[in-house]
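Below are the chains, spelled out letter by letter.
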Number of protein chains: 2
Amino acid sequence: MKYIDLTHSFIDSMPAFPGDPQASLRAVANIKDSGYTDHELKSYMHVGTHMDAPLHMIADGKKMDEWPIEQFFGPGVVLDVRGKQRIDAPVLDGVAIERGSILFLYTGYGSLYQKKAYFDNQPTVSEDFAKRVVELGVKILGMDILGPDQPPFPTHKMLLGNGVLIIENLVNLEQLLDIPKFDVIALPMKLRADAAPVRVVAVVR
Amino acid sequence: MKYIDLTHSFIDSMPAFPGDPQASLRAVANIKDSGYTDHELKSYMHVGTHMDAPLHMIADGKKMDEWPIEQFFGPGVVLDVRGKQRIDAPVLDGVAIERGSILFLYTGYGSLYQKKAYFDNQPTVSEDFAKRVVELGVKILGMDILGPDQPPFPTHKMLLGNGVLIIENLVNLEQLLDIPKFDVIALPMKLRADAAPVRVVAVVR
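Not measured: the values here are computed from a predicted model.

## Regarding the overall build of chain A
A count of helices and strands for chain A gives three helices and 12 strands. The globule rule puts the C-alpha radius of gyration for 205 residues at 17 Å, and the 17 Å found for chain A is close to it. Counting only C-alpha atoms, chain A reaches 60 × 40 × 35 Å along its principal axes. When burial is assessed residue by residue, chain A has 60% of its 205 residues classed as buried. If you take every contact in chain A between residues at least 6 apart in sequence, the share linking residues at least 24 apart comes to 72%. Accessible surface computed for chain A: about 8200 Å², of which carbon and sulfur atoms make up 49%.

## Details of the pattern of salt bridges
Under the counting rule described, the total for this entry stands at 21 salt bridges over all chains. Across the salt bridge formed by R82(A) and D80(A), the nearest N and O atoms sit 2.6 Å from each other. Judged by relative accessible area, R82(A) falls into the partly exposed class, the value being 47%. Classification of D80(A) as partly exposed rests on a relative accessible area of 38%. A salt bridge links D183(A) to R205(A); the shortest N-O distance between them is 3.1 Å. Note that D183(A) is positioned in strand β11 (residues 182-188) and R205(A) in the segment after β12 (195-204), a separation of 22 residues in sequence. R205(A) gets classed as exposed once you look at its relative accessible area, which sits at 61%. Several salt bridges share partner residues, and in doing so they unite D5(A), R199(A) and K190(B) into one network.

## Thoughts on the environment of Y109(A)
Residue and element names in this part refer to chain A. Along the chain, Y109 turns up in the loop between β7 (102-106) and β8 (124-125). The class for Y109 is buried, based on a relative accessible area of 15%. When near neighbours in sequence (up to four residues on either side) are disregarded, Y109 contacts A117, Y118, D120, N121, Q122, P123, D144 and I145.

## Section: the packing of aromatic side chains
Summed over all chains, the structure comprises 10 aromatic pairs over all chains. Considering the side-chain rings of F153(A) and Y36(B), the 6.5 Å spacing of their centres and the 85° angle between planes classify their relative orientation as edge-to-face. Of the two residues, F153(A) sits in the loop between β9 (140-143) and α3 (154-160) while Y36(B) sits in the loop between α1 (31-34) and β3 (38-44), which places them in two different chains. Taking 5.0 Å as the distance between ring centres and 85° as the angle between the ring planes, the aromatic pair formed by Y113(B) and Y118(B) counts as edge-to-face. Accessibility assignment for this pair places Y113(B) and Y118(B) in one class, buried.

## Quick word on the interface of chain A and chain B
Between chain A and chain B, the contact holds 47 residues from the first and 47 residues from the second. When chain A packs against chain B, the two sides together hide about 4600 Å² of surface, and 63% of this comes from carbon and sulfur. Put simply, chain A and chain B have 24 residue pairs in polar contact (both at pLDDT 80 or more) between them. Mapped by element, the contributors of at least two residues to the side of chain A that touches chain B are β1 (2-5), β2 (24-29), β3 (38-44), β11 and β12 of chain A. The greatest single-element share of the side of chain A that touches chain B, amounting to seven residues, is contributed by β3(A). For the side of chain A that touches chain B, a count of residues per class yields 27 nonpolar, nine polar and 11 charged. Both β3(A) and β3(B) contribute to a ladder of five bridges, which runs antiparallel. Along β3(B), the bridge assignment pairs E40(A) with Y44(B).

## Focus: the relation of the copies chain A and chain B
Placing chain A over chain B gives an RMSD of 0.0 Å and needs a rotation angle of 180°, together with 0.0 Å of translation along the axis. Taken together, the rotation angle and the small translation identify this as a two-fold axis. Residue K42(A), judged by its C-alpha, is the member of chain A lying nearest the rotation axis, at 2.2 Å. Of all interface residues in chain A, 100% are interface residues in chain B too; the two copies therefore contact each other through one and the same surface.

## Let's talk about the nonpolar core
Counting residues in hydrophobic clusters, the biggest one holds 143 residues, and the most contacted among them are F104(A) and F104(B). Every residue in contact with F104(B), bar those within four places of it in the chain, is listed here: L6(B), V77(B), V78(B), L79(B), G142(B), L170(B), L173(B), L176(B), F182(B), V184(B) and V200(B).

## Notes on the sheet that holds β3(A)
Pairing in this open sheet of four strands is antiparallel, and the strands run β2(A)-β3(A)-β3(B)-β2(B) from one edge to the other. Either end of the sheet is taken by a strand with one partner, and the two such strands are β2 of chain A together with β2 (24-29) of chain B. Across the sheet, the mean angle from the axis of one strand to that of its neighbour is 20°, orientation sign disregarded.

## Description of the pairing of strand β10 (residues 165-168) of chain B
All names here are of chain B. Judged by which residues are buried, β10 turns out to be covered on both faces: L165 and I167 on one side and I166 and E168 on the other are all buried. One ladder, built from three bridges, connects strand β4 (residues 50-52) with β10; its direction is antiparallel. Bridge pairing links M51 to I167 in β10. Between strand β9 (residues 140-143) and its parallel partner β10, the chain crosses via helix α3 (residues 154-160), and the hand of that crossover is right-handed.

Procedures and definitions
Residues numbered from 1 in each chain as written. Chains lettered and ligands numbered in written order. Predicted model: local features only at pLDDT ≥ 70, side-chain atom pairs only at ≥ 80, totals over all residues. Heavy atoms only, no water. Helix = DSSP H or I, 4+ residues; strand = E, 2+ residues; numbered from the N terminus. Rg over C-alpha atoms; globule rule 2.2 N^0.38 Å. Buried < 20%, exposed > 50% of the residue type's maximum accessible area, 1.4 Å probe, protein only. Contact = heavy atoms within 4.5 Å. Areas by Shrake-Rupley, 256 points an atom, 1.4 Å probe, with all protein chains shown as cover. Salt bridge = Lys/Arg side-chain N within 4 Å of Asp/Glu carboxyl O. Phe/Tyr/Trp six-rings, centres within 6.5 Å; stacked < 30°, edge-to-face > 60°. Buried area = accessible area lost by both parts, 1.4 Å probe. Polar contact = N/O pair within 3.5 Å; in protein donor to acceptor, adjacent residues only side chain to side chain. Nonpolar A, V, L, I, M, F, W, Y, C, P; charged D, E, K, R; others polar. Pairing = 2+ DSSP bridges. Least-squares fit on C-alpha atoms with pLDDT ≥ 70 in both. Core = buried A, V, L, I, M, F, W, Y, C linked by side-chain atoms within 4.5 Å. Axes fitted to C-alpha atoms, helices over the stretch in contact; angles between N-to-C directions. Right-handed = clockwise from strand over helix to strand, strands pointing away.

Put into C-alpha cells, the structure is as follows:
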C-alpha cells in the first residue's frame with residue numbers, strides 16, 4: 001500500500017484568494033512560559049488545499065459538515081490537462097470514469113504555489129465540462145489551481161448545484177499520472193461552513 | 001464497506017479548552033451581496049476533535065505538517081473504560097494490539113460534548129498507561145475527553161515525546177464496541193503548528 005499526500009502545508013501568511021485578507025497562524029503559547037505550545041489560526045475558507053460545499057455558491061446549499069462521510073472516498077482518475085487554457089468537455093472523451101469517482105485535473109500549476117506566477121493566467125474549466133462531470137456521477141472534482149472559473153461562476157454552480165464537491169489548490173498530482181489504478185480519500189475538517197480545509201490522499205494498492 | 005465518523009462538527013462558539021478564548025466561525029460574505037458565501041474561522045488549536053503533535057509539549061518537537069501520511073492509517077482497537085476515574089496500565093492486560101495500531105479510549109464523555117457536564121470530573125490517563133502504549137508501538141491514542149492529563153502533563157509528554165500522536169474530543173466511539181475488526185483513518189489539517197483539527201473515520205470491511 002502506498003499513500004501520496006496531495007495537500008499543501010498550511011503555514012502563516014499563506015497566499016489568500018486574491019482580494020481576501022491573508023490567513024494567519026501564530027503561536028499563542030510556548031513551552032518556556034506556559035509549559036505547552038499552542039497556535040491560533042485565523043483564516044477565510046478559500047485558502048490552501050480546501051473543499052467547497054454547495055453553500056459556497058448555492059443559497060441554502062449543504063454545509064461542509066452535512067455530508068455523509070462516504071462522499072469523501074472513491075476511485076481516483078487524473079486527467080493531464082497541462083497547457084490547456086480552457087478545459088472543455090472533449091477532454092473527457094474516451095476516458096473511463098466509473099460513477100462515484102473522484103476526478104482530478106492536473107494543470108501543472110501546483111508546483112507554482114507560493115509564487116507570484118501561481119496567480120497568472122490560470123486555466124478555466126468550462127460549464128460544459130462540469131455538466132459532463134455531473135452526468136458521469138463524479139463525487140468530487142479536484143484541481144491544482146485556485147478554482148475552476150471566475151464570476152459569475154457558472155462552473156462552480158453547475159458542480160455544487162448538482163452535489164459535486166470541488167477541491168482547489170491540490171499538489172503532487174503529477175505523481176498519479178503513471179499509476180493505472182488508485183483510490184482517493186479527501187477528508188475535510190467537519191466545519192459548519194461553506195468550505196473547509198481538506199487533507200487529500202491517493203491510496204495505491 | 002461501512003464508514004463511521006468519529007468527529008464532532010466544528011461550529012461557531014464551540015466549547016474551548018478551559019481558559020482559552022472561544023473559537024469563532026462567522027460568515028464574511030453571502031450570496032445576496034457578494035455572489036458567494038465565505039466564512040472566517042478563528043480558533044486556538046485545542047478545540048473540537050483535534051490531534052496533538054509533539055511540538056504541543058516537546059521543545060523542537062515535530063509539527064503537524066511534518067508527519068508522513070502513513071502515520072494516520074492503522075488497524076483500530078477500542079477499550080471500554082467507562083466508569084474509570086483513572087485509566088491505568090492494567091486495562092491493557094490481555095488486549096491484542098498489533099504494532100502500528102490506532103487505540104481509542106471510550107469513556108462515555110463524548111455524548112456530553114457541548115454540555116457543562118463535559119467539563120466535570122473527566123478521567124485521567126496515567127503515565128504508566130502511556131508508557132505501555134509507547135512500548136506496544138501504538139501510532140495514535142485517541143479519546144472522547146478533553147485530554148489525557150493535567151499540568152505538568154506527564155502522560156502527554158510520555159506519548160508525544162515518543163512519537164505517539166494524541167486525538168482528543170472524539171465522539172461515536174460506542175459504535176465500535178461490537179465490531180471485532182476495523183481500520184482507522186485520522187487525517188489532520190496539514191498545519192505547520194503544534195496541533196490541528198482532524199477528521200477521524202473508522203472503516204469496517
